[in-house]
Structures are given as structure tokens and as C-alpha cells.
Amino acid sequence: EVYRPYAILARWSWPRRDILAAQLRLGLPIGATFLADVTAFTFMALFIARLGPNAVGAHQIAANVSVLCFMLPTAIGQAAGVLAGQALGAGRPEEARRAGLQGFRLGMACTVVLAAGLVLARQGLALPAGVDGAFTGNAAAFGTKQVARSMRAASRRSAVMTKAKVRARDAV
């Protein structure tokens, strides 16, 4: 009764399967791509954790740099996609094309600049490791020692559990 003057449900309709299917055809591959990226980064960190704190620290630096390098072009691409979608929704396909191409150009320019920066500053990126390349003093700043310790402990627990399961199976 209170909301009747606002006509909240006046234009409501049941979802249409054809529209939902079109959205899923577009959205599922995009979601699968993001899932693969996140999963790959997670598993890589787990695999590297077994190599010790120095490897974990180096991986942390590399992961931070790579995230920075893909985040900027990705954000530009998403913004260009929004602008192109708005232009298409407004019935201006030429403006949508222009927004998409400008976003592509800007994203590529950022990628080239970031790649050149990586090539030129590749030695400086590892400076947190220290002069001798060991992460001993600076590892705590990255949290790598704690991560490596917890990963090793989890690995030991997993090995103990596996041995216990094998003994239990063999006992039967």
C-alpha cells in the first residue's frame, strides 16, 4: 500500500530466456578468463612457496609488478567498453567505434610504456631484495617469511596426513 504511488512493479516482466542466453554467451567466457587468471596466480604462489622464502619474496615482487602492468590497460579497456556500450545504447555506432579504437590505442600505448619501463628498470625492481640478492632483512616487509613458514607447515601437515592415510589403507 505504501509503495503503490511509486508504481515500483508497474513495468516488471518475467526474464526472457533469449536475453539471458545472450548475456551468458558473452559473460561466461569473460568470467572464465578471470577465473583462470586468479587460479593461476594462486597456484603459482603455492608452488613457489615450497622453494623457500627467497623465492616467495621474488615471486611477490614479480606478482606486484605484473598486477600493476595489467591493471592499467585492463581499466582503460573496461572504460572504453563502457563508453562504447553507452554510445551503442544511444544509437551512435560511429561514436562507439571511435571510443573502442581510442581505448585500444591508449591501452596499447600504456602497455608499450610499461614494457619499456620494465626493460629499463629491471635491476631496480629487485632492490628490495638487498645487494646480495638475499631477502633476509627485507623479507619481513613483504611478509614472505611468514607466508613461506605457513606454506611449509601446511605442506608438512599434508604429508603427515597422506602418510597416515597410506598406513591406514595398508593396515586394512
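Higher on the page you've got the structure.
Quick look at the structure, then. (Residues numbered from 1 in each chain as written. Predicted model: local features only at pLDDT ≥ 70, side-chain atom pairs only at ≥ 80, totals over all residues. Heavy atoms only, no water.)

## Quick look at the pattern of salt bridges
Stated formally: Salt-bridge detection follows one rule: a side-chain nitrogen of Lys or Arg within 4 Å of a carboxyl oxygen of Asp or Glu. Burial classes: relative accessible area under 20% of the type maximum marks a residue as buried, over 50% as exposed, and values in between as partly exposed (1.4 Å probe, protein chains only).
According to the stated counting rule, one finds two salt bridges in the structure shown. One salt bridge in this structure joins aspartate 18 and arginine 16, with 2.9 Å as the shortest N-O distance. Taking the relative accessible area as the measure of exposure, arginine 16 reaches 49% and is therefore partly exposed. A salt bridge links arginine 92 to glutamate 95; the shortest N-O distance between them is 2.7 Å. The exposure class assigned to arginine 92 is partly exposed, which follows from its relative accessible area of 42%.

## Here's the deal with unusual backbone geometry
How we decide: Numbered from the N terminus, helices here are DSSP runs of H or I no shorter than four residues, and strands are runs of E no shorter than two.
Positive phi is not limited to glycine here, since alanine 7 has a value of about 50°. Tracing the backbone shows alanine 7 in the segment before helix H1 (17–49). In this structure alanine 7 comes out as partly exposed when scored by relative accessible area, which is 42%.

## Observations concerning the packing of aromatic side chains
Applicable threshold: In summary, the pairing rule links any two rings of Phe, Tyr or Trp, Trp by its six-membered ring, whose centres are within 6.5 Å, and it sorts them by plane angle into stacked for under 30 degrees, edge-to-face for over 60 and tilted for everything else.
Following the criterion strictly, the structure yields two aromatic pairs and no others. The interplanar angle of 70° and the centroid separation of 4.9 Å between the aromatic rings of tryptophan 12 and tryptophan 14 together place this pair among those described as edge-to-face.

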